[in-house]
Amino acid sequence: MSILSTRKAEKIDSLAEGGTSLAMDALRRTFRSPVAILGLVIVGLFVILAIISPFIAPKDPYRPYPELKAELTPSNIPGPMPGFLLGSDQNGYDFFSRLLVGAQQTLFVGVFATLIGVAVGMIIGGLAGAFGGWVDSVLMRLTDIMLSIPSLLLAISIAALLPGSQWTVIIAVAMIGVPVFARLLRGAMIAQRSSDHVLAATALGVKRKTIVFRHMLPNSIGPVIVQATLTLATAIIDAAALSFLGLGDSDWRRAEWGLMLGNAQELLSVKPSLAFFPAIAIIIVALGFTLLGESMRESLDPKNRR
Amino acid sequence: MALLDVRDLSVVFKRKGTRPFTAVDGVSFSVEPGQTVGLVGESGSGKSVTSLAIMGLLPKRGAEIGGSVTFSDTELLTLSDKQLRDRRGRDLGMVFQDPLSSLNPVITIGLQITEVLERHRGMTRKEARVEAAELLDRVGLPDPQRRIDEYPHQLSGGMRQRVLIAIALACRPKLLIADEPTTALDVTIQAQILSLLSELVSETDTALIMITHDLGVVAGLCDDVNVMYGGRIVERAQRHDLFERSRHPYTHGLLQSIPRLNAPRGEPLTPIRGSVSDNIEWEQGCAFAPRCPNATDVCWSEPPELKADDGRMLRCHNPVAIGDAVTEGAL
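Residues numbered from 1 in each chain as written. Chains lettered and ligands numbered in written order. Predicted model: local features only at pLDDT ≥ 70, side-chain atom pairs only at ≥ 80, totals over all residues. Heavy atoms only, no water.

Looking up chain B in an unreviewed UniProt entry gives the name ABC transporter ATP-binding protein, with the organism given as Prauserella alba. You can read under Subcellular location (unreviewed entry) in the UniProt record for chain B the words "Cell membrane". Under the Sequence similarities (unreviewed entry) heading, UniProt states for chain B: "Belongs to the ABC transporter superfamily." (UniProt positions renumbered as here; feature names shortened; annotations may be inferred.)

The name recorded for chain A in an unreviewed UniProt entry is ABC transporter permease subunit, from Prauserella alba. Turning to chain A, the UniProt record has this under Sequence similarities (unreviewed entry): "Belongs to the binding-protein-dependent transport system permease family." The record in UniProt for chain A states the following under Subcellular location (unreviewed entry): "Cell membrane".

Student: Just to check I follow, could you spell out the nonpolar core for this structure?
Tutor: Across soluble globular proteins, nonpolar side chains show a tendency to be buried alongside one another. Residue and element names in this part refer to chain B. Within the largest apolar cluster, 77 residues are counted, with the highest numbers of intra-cluster contacts made by I165 and M210. Examining the composition of this core, we find that eight residues originate from one element, helix α6 (residues 157–169), more than from any other. Each of domain 1 (4–228) and domain 2 (230–262 + 269–324) contributes no fewer than three residues to this core. Sequence-distant contacts of M210, defined by excluding residues within four places in its chain, comprise V37, G38, L39, A178, P181, L194, L197, V217, L221 and C222. (Core = buried A, V, L, I, M, F, W, Y, C linked by side-chain atoms within 4.5 Å. Buried < 20%, exposed > 50% of the residue type's maximum accessible area, 1.4 Å probe, protein only. Helix = DSSP H or I, 4+ residues; strand = E, 2+ residues; numbered from the N terminus. Domains from an automatic or database assignment. Contact = heavy atoms within 4.5 Å.)

Student: Would you mind going over the interface of chain A and chain B with me for this structure?
Tutor: Accessible area lost during the coming together of the parts is what is often quoted as the interface size. Counting residues at the interface gives 26 residues for chain A and 32 residues for chain B. Between chain A and chain B the total buried area reaches about 2400 Å² when both faces are included, carbon and sulfur atoms providing 54% of it. Of all residues in chain A, A:A203, A:L204 and A:R214 give up the largest surface area on contact with chain B, accounting jointly for 26% of the area buried on that side. Put simply, chain A and chain B have one salt bridge between them. Between A:R214 and B:E115 there is a salt bridge; the shortest N-O distance is 2.8 Å. (Buried area = accessible area lost by both parts, 1.4 Å probe. Salt bridge = Lys/Arg side-chain N within 4 Å of Asp/Glu carboxyl O.)

Student: Can you help me understand the confidence of the model for chain B in this one?
Tutor: Low-pLDDT portions of the prediction should not be read for the details of their coordinates. With 95% of its residues at a pLDDT of 70 or more, chain B has an overall mean of 86. Long-range and interchain partners of residues 325–331 of chain B, a stretch whose pLDDT sits below 50, account for 20 contacts in this model, where long-range means more than four residues apart. (pLDDT = per-residue confidence, 0-100.)

Student: Help me out: how do you make sense of the sheet that holds strand β6 (residues 92–95) of chain B in this one?
Tutor: Strand pairs in the sheet, formed through backbone hydrogen bonds, run parallel or antiparallel to each other. Residues and elements named next belong to chain B. Read from one edge of the open sheet, eight strands run β6-β7-β8-β3-β9-β10-β12-β11, paired in mixed fashion. Only two strands of the sheet have a single neighbouring strand rather than two, namely β6 and β11 (307–309). Between one strand axis and the next, the sheet turns through 25° on average, direction left out of account. Looking at chain direction, β6 and strand β7 (residues 175–179) are connected through four bridges and run parallel. Its bridge partner lying in β7, M94 is registered against I177. (Pairing = 2+ DSSP bridges. Axes fitted to C-alpha atoms, helices over the stretch in contact; angles between N-to-C directions.)

Student: Could you clarify how one ought to interpret helix α5 (residues 95–131) of chain A in this entry?
Tutor: Residue pairs three or four apart in sequence face the same way in an α-helix, which turns once every 3.6 residues. Residues and elements named next belong to chain A. For α5, which comprises 37 residues, the first-to-last C-alpha distance of 53 Å matches the rise-based estimate of 54 Å (1.5 Å per residue) to within 8%. Approximately 30° is the largest bend angle found in α5, and it occurs at V101. Phi for G132, located one or two positions after α5, is positive at around 65°. (Expected span 1.5 Å × (residues − 1). Bend = angle between axes of the 7 residues up to and from the residue.)

Student: It is not clear to me how the environment of A:L45 should be interpreted in this structure. Could you clarify?
Tutor: Tracing the backbone shows A:L45 in helix α3 (residues 34–56). Distance from A:L45 to A:V285, taken between C-alpha atoms, is 9.4 Å for residues 240 residues apart in sequence.

Student: Please explain the packing of aromatic side chains as it appears in this structure.
Tutor: The description of an aromatic ring pair uses the distance of the two centres, along with the angle that the planes make with each other. According to the stated counting rule, one finds 11 aromatic pairs over all chains in the structure shown. Both rings, one in A:F112 and one in A:W167, keep their centres 5.6 Å apart while their planes meet at 75°; by these two values the pair is edge-to-face. Placement of the pair is A:F112 in helix α5 and A:W167 in helix α8 (residues 166–193), with a sequence separation of 55 residues. Both rings, one in B:Y229 and one in B:F288, keep their centres 5.0 Å apart while their planes meet at 75°; by these two values the pair is edge-to-face. With a gap of 59 residues between them, B:Y229 in strand β9 (residues 224–229) and B:F288 in the loop between α10 (249–256) and α11 (297–301) connect regions that are remote in the sequence. With respect to class, B:Y229 is no different from B:F288; both count as buried. Over the ring of A:Y65 we find A:R63; its NZ or CZ atom is 4.4 Å from the centre of that ring. (Phe/Tyr/Trp six-rings, centres within 6.5 Å; stacked < 30°, edge-to-face > 60°. Lys NZ or Arg CZ within 6 Å of the ring centre and 35° of its normal.)

Student: Where do I start with the domain arrangement of chain B in this structure?
Tutor: Residues and elements named next belong to chain B. Domain annotation for chain B reports domain 1 (4–228) and domain 2 (230–262 + 269–324). Relative to domain 2, the C-alpha centre of domain 1 lies at a distance of 27 Å. Taken together, the contact pairs 25 residues of domain 1 with 23 residues of domain 2. Interface area, domain 1 with domain 2, both sides summed: about 2000 Å², of which 51% is carbon and sulfur. Counting across the domain 1 and domain 2 interface gives two salt bridges. Note that R232 is salt-bridged to D25, the shortest N-O span being 2.8 Å. Seen at the junction of domain 1 and domain 2, the total is 13 residue pairs in polar contact (both at pLDDT 80 or more). For the side of domain 1 that touches domain 2, the secondary-structure elements that each account for two or more residues are β2 (21–31), α8 (215–221) and β9. (Polar contact = N/O pair within 3.5 Å; in protein donor to acceptor, adjacent residues only side chain to side chain.)

This is how it looks when you write it as structure tokens:
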């Protein structure tokens, strides 16, 4: 036990003295910049809110309240009143609670859309980068086709083809990211394929599979991670856009910012805050992810190493 | 029976739209078990391409390889990719020039050694780890038990090269190819690495092909030396013969361009004129003729053959006269 802990301590010492890894170094440089810290704070608060919102929401976001419904007419939606901070929405639900819980749904859509995009993109890019040759050509022409369609148009086409549900939105938005991730990973893998350490591993007779998964992939994944952070921001916006266009979730009751914004568009003259607050929330969160992603990208760029 | 027999090896790089480029042109040499053979030449002389061709590491498309490479009775050039992978690392090892970029930066050096041991010697992860620590100890890495869990960037250049040597020798290959293993290192470390290499190969009776542009390295290490120019071997001799009586004007020039400690003060070095040209033509004459002080008309019109001469192999119409040698006490 004591031997183990000494060894661990030694290891920490040597880490402290013997330079830092690229990732640690980049992380440190990232959080020296105030922009990055702002991004991290926004993202952090958003994630915390998404996790705890069901517990701190003052009212049930999925149930109409009689006291709100009593005053609800087509031309009048109740504003703030005791117990209901932001008043009612168009269906007599507590708007404030829905706004809070909306963080969770929005994060859910954003994260899963990005994860699926990363996963599919990495499979395509990984295959192309690992095999090269005609596999590469076919897969890359495929991503070229996807890239040639404007991203929102692509998402709209996919969403229009599938039945309206939350997963439709997620898949449609994920497809926007797929060609980007595929390209990124493929490029990085190709650079790795001609690198010295891959040549050295080949000269040692290491199996192809091991070379791809142990030597090429881990060295290629950095740009993909950064891009994923940036994509989270656009994924949230794209999901909102789909909902706004009525191509999203068919369940109008779900508390999700994009959906709330979309449903509020006819009521702008009646109660503008129904559109205003979800829109502001989306903008702030997207900004947070973008700031964080951009500063990560900058600090991982070897040209900026100090 | 030689361990490695290279016969008439040629490598031609072909690309659409450009003229084919002959990087290696009819190179033949052999390596006996336990012997150390040097391949010497400037950049662009084809020495690295020769080694990559032996290892089967040249890209399949774009490089046309001719001749034969026989390694203990097996023809390497016709082996399938999989058969070659089974041999590389086990029978043939290789150490590259740049020790930092030749190690994978994201995994520990321990894993990079055990990977080879597991692959070729069928060891379990645990056995391989013990063996890896022993190997690191043997190549003189201080505190191997701790270093084994470190990443390449935590080691100095010399230590990294030691690690690469440990990896290359992990499966006790019969032949090790060292491609300029000391070029990226400090001079003091160079000497250490070279003596380590020579110690290890003589200990394990491993044959070594030393690829270098540094005649000092050759002087300290090699039994036989092949001097390459423009993709062909221009002179082959035993180490002592080569250094005492270099006959080819190119070898002669290389030796004269080395600074000597016992040279008279202020004596200028004699560099070889010009530089290696990209399209070296052996078809019409001697490729070295444009840079050769001894060149005569015959050198421009008739390509010289590699012929036995004075106990060595020589490809020259006008070799340096025997009495005219440079190098007493040169190195």
